[in-house]
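Structure assessment
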Amino acid sequence: MTITERFLKYVSFCTTSDENTNMTPSTPGQMEFARFLKDELIAIGLQEVELDANGYIMATLPATAEGKPVIGLIAHIDTAPDASGKNVRPRIVKAYDGKDIVLNEEEHIVLETAKYPEIMRYQGQDIIVTNGKTLLGADDKAGVAEIVSACEYLLRHPEIRHGKIRIGFTPDEEIGQGADHFDVKKFGADFAYTMDGGAIGELEFENFNAASCKVHINGVNVHPGYGFNKMKNSLLIASEFMGMLPQNETPAHTQGYEGFFHIVGISGTVEETTVSYIIRDHDRRRFEERKQLVQDLARRIDAKYGEGTAVVELRDQYYNMREKVEPVMHIVTLVEEAMKEVGITPKVQPIRGGTDGARLSFEGLPCPNIFAGGENFHSRFEYLPIPSLEKAMALILKIAEKA
């Protein structure tokens, strides 16, 4: 099976995660995919293959050389709830010609170069796209495919001298819970890499500090004909709250190291409304200030409409891994050198997001992030250049050899 065939099989599983189920894994499709992966890892010859009740998979590729560190390779099996992951229908655009790609002629869904100019970098390459109705799932099934295919290759080529390699596949990364039940001690790696980045060449050891935030607005509902001085419409109050946040500090207005407030959902009635945000910042002090601002604004709402009108629910998700990786920067240098040796130009940059590796780094497993190869993650316009998929696999082989 080629790596492309493996990836196309993986995206047939619907593994969208859901933060509202209070289960691990949060959706049954993830466990279905995990069982499939367990059987596949056994079939290709990996050892110590385990799938636990929470959907975490661990396995071992035995060493072919002594005296080398134990490396971990990690990817996540879920896909983001930002776009549907059900009934993914991928197709391969052969030798991309640099023009707009019609994803769905019937519904006039087009991947436009004017909106997504990065795709022009892949002219002449075969590219996997969606049918415009779902995401593709390269985040992070490309990472899973790269790890499995690299392990299969190493098993077939014992002449490549490498240390012990531990494999870890996690559920629910997209909802910030991927490391919740990851047993770092049992995993037993000296350091690890998540194959969970974007475009080819990306190498990241800095990420956002991250929190989820829900603001519950409690109103008072009465008959609208008799609402004078009685009704408190929670929908209007929620709108007022949203307008109090800095309007130029959203994902659409920030880049690089700049943080943001990102509204990801709103639901409600006159009586009660919930507004959901994610809060991000690379700087820890500024991150704490952002959380404090939300609470200060809630108090202003309470002062105007009565105590208990705005109730804030904050949950830290992960922190910037930089402080844990910097003391062991040789693990980043190793990847930079390996990239150059396989013909990849390293692009060391901060992650405007997070990975399981961010939390694992704080649990004692330094874990930078490496590209998986896709673009436009979490979107119906997601795509994956096949050469990027293949290069990521080649990089894993080179890292294993050099470590």
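Before reading on, note that the structure itself is shown above.
If you're wondering where the values come from, they're calculated on a predicted model, not measured in any experiment. (Residues numbered from 1 in each chain as written. Predicted model: local features only at pLDDT ≥ 70, side-chain atom pairs only at ≥ 80, totals over all residues. Heavy atoms only, no water.)

1. Points about the overall build of the protein chain
- In terms of regular secondary structure, the protein chain is built from 10 helices and 17 strands.
- Its C-alpha atoms give the protein chain principal-axis dimensions of about 80 × 50 × 35 Å.
- Looking at the protein chain residue by residue over its 403 residues, the buried ones come to 54%.
- Sequence-distant contacts, at least 24 apart, represent 79% of the contacts inside the protein chain between residues at least 6 apart.
- Accessible area for the protein chain stands at about 17500 Å²; split by element, carbon and sulfur atoms hold 49% of it.
- Considering the protein chain, the positive charge centre built from 43 side chains and the negative charge centre built from 60 side chains are found 0 Å apart. (Helix = DSSP H or I, 4+ residues; strand = E, 2+ residues; numbered from the N terminus. Buried < 20%, exposed > 50% of the residue type's maximum accessible area, 1.4 Å probe, protein only. Contact = heavy atoms within 4.5 Å. Areas by Shrake-Rupley, 256 points an atom, 1.4 Å probe, with all protein chains shown as cover. Lys, Arg positive; Asp, Glu negative; His and termini not counted. Charge placed at Lys NZ, Arg CZ, Asp CG, Glu CD.)

2. Looking at the packing of helix 3 (residues 138-156) against helix 10 (residues 386-402)
- The geometry of helix 3 relative to helix 10 is characterised by a closest axis approach of 9 Å and an angle of 50 degrees between their N-to-C directions. One finds that helix 3 runs oblique with respect to helix 10. Between helix 3 and helix 10 lies a crossing of right-handed hand. Here A142, E146, I147, S149, A150, Y153 and L154 of helix 3 come into contact with helix 10, specifically with L389, A392, M393, I396, L397 and A400.
- Across the contact of helix 3 with helix 10, the residue classes break down as 11 nonpolar, 1 polar and 1 charged. (Axes fitted to C-alpha atoms, helices over the stretch in contact; angles between N-to-C directions. Parallel < 35°, antiparallel > 145°, perpendicular 65-115°, else oblique. Left-handed = near helix turned anticlockwise from the far one by under 90°. Nonpolar A, V, L, I, M, F, W, Y, C, P; charged D, E, K, R; others polar.)

3. A few points about the sheet that holds strand 15 (residues 347-348)
- One open sheet accounts for 8 strands, arranged 1-2-8-3-9-16-10-15; its pairing is mixed. In this open sheet, the two edge strands, each paired with only one partner strand, are strand 1 (47-51) and strand 15.
- Against the sheet, helix 2 (residues 28-44) engages strand 1, strand 2 (57-61) and strand 8 (165-170), with an angle of about 170 degrees to strand 1. (Pairing = 2+ DSSP bridges.)

4. Some points on the nonpolar core
- Within the largest apolar cluster, 69 residues are counted, with the highest numbers of intra-cluster contacts made by F7, F169, I370 and L395.
- The contact partners of I370, leaving out residues within four places of it in the chain, are Y193, T194, M195, D196, G197, E202, L203, V335, M339, L395 and I399.
- In this structure, F261, V294, L297 and I301 belong to the second largest nonpolar core, which totals 18 residues. (Core = buried A, V, L, I, M, F, W, Y, C linked by side-chain atoms within 4.5 Å.)

5. Describing the pattern of salt bridges
- Taken as a whole and assessed by the stated rule, the structure comprises 26 salt bridges.
- In this structure, the salt-bridge partner of E289 is R286, at a minimum N-O distance of 3.4 Å. Of the two residues, E289 and R286 are both situated in helix 6 (residues 284-305); the distance of 3 residues between them amounts to about one turn of the helix.
- Residue classification places R286 among the partly exposed positions, given a relative accessible area of 27%.
- For the salt bridge of R299 with D296, the shortest nitrogen-to-oxygen distance reads 2.5 Å. Pair noted here: R299 and D296 are both in helix 6, with a separation of 3 residues, about one helical turn.
- Note on R299: relative accessible area 46%, which makes it partly exposed.
- One network of salt bridges, in which partners are shared, links E249, D281, R285, R286, E289 and R290. (Salt bridge = Lys/Arg side-chain N within 4 Å of Asp/Glu carboxyl O.)

6. Some points on helix 5 (residues 234-244)
- Along helix 5, the positions that sit buried rather than exposed are S234, I237, A238 and F241. Angularly, the buried residues of helix 5 cover 100 degrees about the axis, an arc narrow enough to put them on a single face.
- For helix 5, the secondary structure elements touched by its buried residues are strand 11 (209-218), strand 13 (272-281) and helix 6.
- Capping the start of helix 5 is the job of one residue whose side-chain oxygen sits 2.9 Å from the backbone nitrogen of L235: N233. (Arc of directions from axis to C-beta. Polar contact = N/O pair within 3.5 Å; in protein donor to acceptor, adjacent residues only side chain to side chain.)

7. Observations regarding the environment of A95
- With respect to the helices and strands, A95 occurs in the loop between strand 4 (91-93) and strand 5 (101-104).
- Looking at A95, the relative accessible area reads 48%, which means it is partly exposed.
- Distance in space between the C-alpha atoms of A95 and P28 is 37 Å, their sequence separation being 67 residues.
- Among all residues touching A95, those that are not within four sequence positions of it are G124, Q125 and D126.

8. Concerning the pairing of strand 3 (residues 71-76)
- Where burial is concerned, most of strand 3 is hidden: 6 out of the 6 residues are buried.
- Of the two faces of strand 3, the one carrying I71, L73 and A75 and the one carrying G72, I74 and H76 are both buried.
- Sheet topology note: the strand 3/strand 8 ladder contains 6 bridges and is parallel. Each residue of the ladder has a partner; that of H76, found in strand 8, is T170.
- As judged from the 4 bridges shared by strand 3 and strand 9 (residues 191-197), these two strands associate in the parallel manner. Bridged to I71 within strand 9 is F191.

9. A short note on the sheet that holds strand 7 (residues 127-129)
- Ordered by their spatial adjacency, 3 strands build an open sheet running 4-7-17, and the pairing between neighbours is antiparallel. The open sheet has two edge strands with one neighbour each: strand 4 and strand 17 (383-385). When the angles between neighbouring strand axes are averaged without regard to direction, this sheet yields 30 degrees.
- Seen against the sheet, helix 1 (residues 3-10) touches strand 4, strand 7 and strand 17 and runs at an angle of roughly 5 degrees to strand 7.

Coordinates in, geometry out; function isn't part of it.
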